[in-house]
Each structure stands twice: as C-alpha cells, then as structure tokens.
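Survey of secondary and tertiary structure
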Amino acid sequence: MVLGNYKSVISARAADAEILKRSQDGGIVTQLFAYALEEGIIDGAIVAGPGDEPWKPEPVVATTRAELLAARGTRYTISPNMMLIKEATRSYGLDKVGIVGTPCQMQALRKAQLYPMAMRKVPDKIALAIGIFCMENFPYQGLEAIVEDHCNVKMESADKMDIGKGKFSVYTERGAISQIPLKATHKYEQPGCHVCLDYVANLADVSTGSVGSPDGWSTVFVRTKNGENVWSKAIDAGYFETKDIASVKPGLDLVTKLATDKIDKNKKSVEARATFGVNKGLRNPYI
Ligand SMILES: Cc1cc2nc3c(=O)[nH]c(=O)nc-3n(C[C@H](O)[C@H](O)[C@H](O)COP(=O)(O)OP(=O)(O)OC[C@H]3O[C@@H](n4cnc5c(N)ncnc54)[C@H](O)[C@@H]3O)c2cc1C
Ligand code: SF4
C-alpha cells in the first residue's frame, strides 16, 4: 500500500515538443492540464507560477495555455497552492478547478472536500487533481543556501534544479552543472516533512514523478475514476507517448523502495513524538 490505490501505472511523456522543452520530466502536469483546458474538462488550474524572487513560486490560477507553460518545472520550495482553492471558485469564477500539488496538498484538498469547513460550494467544483511525488521540501532560505552556498550558483543563474540518484543538481543558464550529495541538503529540509507518510500522492486523481522512468519521461499513476476518464481521453487524442512500466528501467521497484524508505523513516519520527518530553509527548496528527 505504499503506492496507494491505483487503476494503472505507466511511463509517459507529453507529445507536445513545446511543453517538453522546459518541463521538469515528461511534462505530464502541463500537458494534462493543457488538454483538460482545451476540452473544457477544467476552466482553470491552480499551479505554482513564477514569483517575484528567483525560484520562489507564487500560486496562480492559470486559465490559459501560456500561464500553464509559465509554471513548468519543479521549484523545490513551498508553494501554498491550496491557498487559492476557495478563491478560484469565487473571484475567478471557476466551476471546474484543476490543481497540482505535493502529496500533503492533495491531502488538504480531499480533507476540504470531505470536511468543507468554510469551503461552501468548493468540494463539487474540483475537476482534476494532479499530484506530484515528493520525498521532502525546503523553505526558500534553505533552498537558497543549498544552491548559493553549497552549489556555488546564484539563484538567478539557475536554469533547472533536480533531485535524483542521490544528488541535488543545479544546471546553469550557461550550461554548467553543479551537484552535491543529497546528504548535504538534509539539514535544510522543512521539519514538517519528517512526519509525512505519502510519497506518490496517493489521494490525487493522477499522480506523477520522475522516479522509475528514464530521463525525460515520467511515471504516472492513474488513481480515480475521474483520473482514468481524463487520462484515457488524452491518450486516445494522442497527447502522450507511453511505455509499459514493466519494460522501462529502473521501473516500479525503485518507486516502491523509495516510498517504503520514506514511510518507514517518517513513521519513526511520528512515533518518537509520543515520548518527546518527560512524561509528555507532542501531538500526532494521525490519531
Ligand atoms: C518539493 C518537491 C519534491 C519532489 N520530489 C520528488 C521525488 O522525490 N521523486 C520524484 O519522482 N519526483 C519528485 N518531485 C516531482 C518532480 O520534480 C516533478 O514535479 C514531476 O515529475 C512533474 O514533472 P512534469 O514534467 O510532469 O511537470 P511540469 O510539466 O514541468 O509541471 C510541473 C508542475 O508542478 C508545479 N510545481 C512546481 N513546483 C511546485 C511546488 N513546489 N509545489 C507544488 N507544485 C509545484 C508547477 O506548477 C507545474 O504545474 C518533487 C516535486 C517537488 C515540488
Ligand atoms: S514531504 Fe510531505 S509534507 Fe513535505 S512537502 Fe512533500 S508531501 Fe508535503
């Protein structure tokens, strides 16, 4: 169950070369939202758009393809996308909302749908929730320290950042690559991530990440009926190239291993909270 419930899992990438050009992996998020927007399945999507400072995301309600494309790529810092979920249905006037987010943001979304406190008329307007895999996240100052102090790259010169194969990598606009072992980044992690028990966005309609698939491709879990409906229509319409996950390396075994490692490690942090103090513990959000 470390990978959650799903109907199918596949390796895929966007068929649209323009989307792929600046996407983090296979451009699944941008391509699926772009398709859903064209087809009227959503009338906008909450994404992590560019902010005022380099690599600091600003949640936006994207209602055009251009706005979706401007949000391509991973920003390894907090983007409070759920902040706009109510507003998307109010001042933006959306009836069919798309949203992308980390596993914790998908949890917030489903909680808001099931327990809609101050969320009147929001739950039934969620049309497509795309989750992204997430091992951990960093506060903005932490990301700055990793990139500027450890990798020796100015934030504004960074063209792409990536976590994979045990390394944090920064690619500069001039083509250089600076890499550090992931171990060196641990102290900058957002402490709240240490009690997180979801790696592959178990509660999304469709969830995606890089792990398991070759470079430039994504691993995609199709989880809900709604997700399956949108995904299969997009496949039939030729929006994605796909490969059987069993035929690619490193495949699902690595996804399962990383999900298990994350959950096992963080379960220990959750359990340790019970005996944190002398004769008293810290709160456990799961009980
Ligand atoms: C903090 C973090 C940790 C991650 N860890 C892993 C991991 O361990 N293993 C793995 O396989 N994948 C991980 N990913 C996911 C991976 O980096 C890609 O985001 C994912 O594969 C989607 O790529 P894409 O090419 O389909 O998306 P693109 O088409 O490039 O679109 C990316 C979408 O993600 C959104 N986004 C970007 N940054 C954030 C953010 N901080 N919060 C919320 N939404 C955001 C953008 O709005 C955009 O819509 C992580 C992502 C984040 C944000
Ligand atoms: S590790 Fe968990 S809590 Fe932290 S950002 Fe990722 S999904 Fe959210």
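Residues numbered from 1 in each chain as written. Chains lettered and ligands numbered in written order. Predicted model: local features only at pLDDT ≥ 70, side-chain atom pairs only at ≥ 80, totals over all residues. Heavy atoms only, no water.

Regarding the site of ligand 1
Taken together, 31 residues are adjacent to ligand 1, and Asp-25, Thr-30, Ala-48, Thr-74 and Ser-210 come closest. Thr-30 places a polar side-chain atom, nitrogen or oxygen, 2.5 Å from an oxygen atom of ligand 1. The backbone of Phe-133 places a nitrogen or oxygen atom 2.8 Å from a nitrogen atom of ligand 1. Summarising the interface, the protein chains cover 98% of the accessible area of ligand 1, which totals 910 Å² for the free molecule. Mapped onto the shell around ligand 1, the elements with two or more residues apiece are helix H2 (28-38) and strand S2 (44-50). In terms of residues, the shell around ligand 1 owes the most to one element, H2, which gives 3 residues. Among the residues forming the shell around ligand 1, the class breakdown is 13 nonpolar, 14 polar and 4 charged. (Near = heavy atom within 4 Å. Polar contact = N/O pair within 3.5 Å; in protein donor to acceptor, adjacent residues only side chain to side chain. Areas by Shrake-Rupley, 256 points an atom, 1.4 Å probe, with all protein chains shown as cover. Helix = DSSP H or I, 4+ residues; strand = E, 2+ residues; numbered from the N terminus. Nonpolar A, V, L, I, M, F, W, Y, C, P; charged D, E, K, R; others polar.)

Description of the nonpolar core
One broad rule of soluble globular proteins: the nonpolar side chains tend to lie buried together. In this structure, Leu-32, Phe-33, Ile-42, Val-47, Leu-68, Leu-128 and Trp-231 are the most contacted members of the largest nonpolar core, which totals 31 residues. Contributions of two or more residues to this core are made by strand S1 (8-14), H2, S2, helix H3 (65-70), strand S5 (126-132), strand S10 (218-222) and helix H7 (225-236). When sequence neighbours within four positions are dropped, the list of residues in contact with Ile-42 reads Phe-33, Ala-36, Leu-37, Lys-96, Val-97, Gly-98, Ala-127 and Leu-128. (Core = buried A, V, L, I, M, F, W, Y, C linked by side-chain atoms within 4.5 Å. Buried < 20%, exposed > 50% of the residue type's maximum accessible area, 1.4 Å probe, protein only. Contact = heavy atoms within 4.5 Å.)

Looking at the packing of aromatic side chains
Inspection of every chain in the model, using the stated rule, returns 6 aromatic pairs. When the centroid spacing of 5.9 Å and the interplanar angle of 45° are considered together, the rings of Phe-133 and Tyr-199 count as tilted. Linking Phe-133 in the loop between S5 and helix H6 (140-150) with Tyr-199 in the loop between strand S8 (177-181) and strand S9 (206-209), this pair joins segments that are 66 residues apart in sequence. This pair shows no difference in class: Phe-133 is buried, exactly as Tyr-199 is. (Phe/Tyr/Trp six-rings, centres within 6.5 Å; stacked < 30°, edge-to-face > 60°.)

A short note on the domain arrangement of the chain
When the parts of a complex come together, some accessible area is lost, and that lost area is often used as the size of the interface. Split into domains, the chain comes out as domain 1 (8-136 + 192-274) and domain 2 (138-188). Placing the centre of domain 1 and that of domain 2 at their C-alpha centroids yields a distance of 22 Å. Across the boundary between the two partners, domain 1 contributes 12 residues, which contact 14 residues of domain 2. Summing the contributions of domain 1 and of domain 2, the shared interface buries around 1,400 Å²; its carbon and sulfur component is 51%. Of all residues in domain 1, Trp-55, Tyr-76 and Glu-136 give up the largest surface area on contact with domain 2, accounting jointly for 50% of the area buried on that side. Run the count over domain 1 and domain 2 and you get 2 salt bridges. Here Lys-165 and Asp-215 are joined by a salt bridge, their closest N and O atoms 3.7 Å apart. Summed over the shared surface of domain 1 and domain 2, the result is 10 residue pairs in polar contact (both at pLDDT 80 or more). Class assignment of the residues belonging to the side of domain 1 that touches domain 2 gives a composition of 4 nonpolar, 3 polar and 5 charged. (Domains from an automatic or database assignment. Buried area = accessible area lost by both parts, 1.4 Å probe. Salt bridge = Lys/Arg side-chain N within 4 Å of Asp/Glu carboxyl O.)

Quick word on H6
Every buried residue of H6 is accounted for by Tyr-140, Gly-142, Leu-143, Ala-145, Ile-146 and Val-147. The elements touched by buried residues of H6 are strand S6 (158-164), strand S7 (167-172) and S8. Backbone geometry just downstream of H6 places Asn-152 in the positive-phi region, at approximately 60°.

Brief notes about the sheet that holds S8
Across a sheet, paired strands are connected by hydrogen bonds in the backbone, their directions being either parallel or antiparallel. Pairing is antiparallel across the open sheet formed by 3 strands, whose spatial order is S6-S7-S8. Looking along the sheet, the strands with just one partner apiece sit at the ends: S6 and S8. With strand direction ignored, the average angle separating the axes of adjacent strands in the sheet is 15°. Taken together, the 6 bridges between S6 and S7 define a ladder with antiparallel strand orientation. Its bridge partner lying in S7, Asp-162 is registered against Ser-169. (Pairing = 2+ DSSP bridges. Axes fitted to C-alpha atoms, helices over the stretch in contact; angles between N-to-C directions.)

Quick word on unusual backbone geometry
With omega at 0°, the peptide bond leading from Lys-249 into Pro-250 counts as cis. Considering the arrangement of structural elements, one finds Pro-250 in the loop between strand S11 (240-244) and helix H8 (252-273). Even without glycine at this site, Lys-165 takes up a positive phi of about 50°. Within the element layout of this structure, Lys-165 appears in the loop between S6 and S7. Its identity is not glycine, yet Ala-201 carries a phi of approximately 50°, on the positive side. Among the residues examined, Ala-201 registers a relative accessible area of 0% and is labelled buried.

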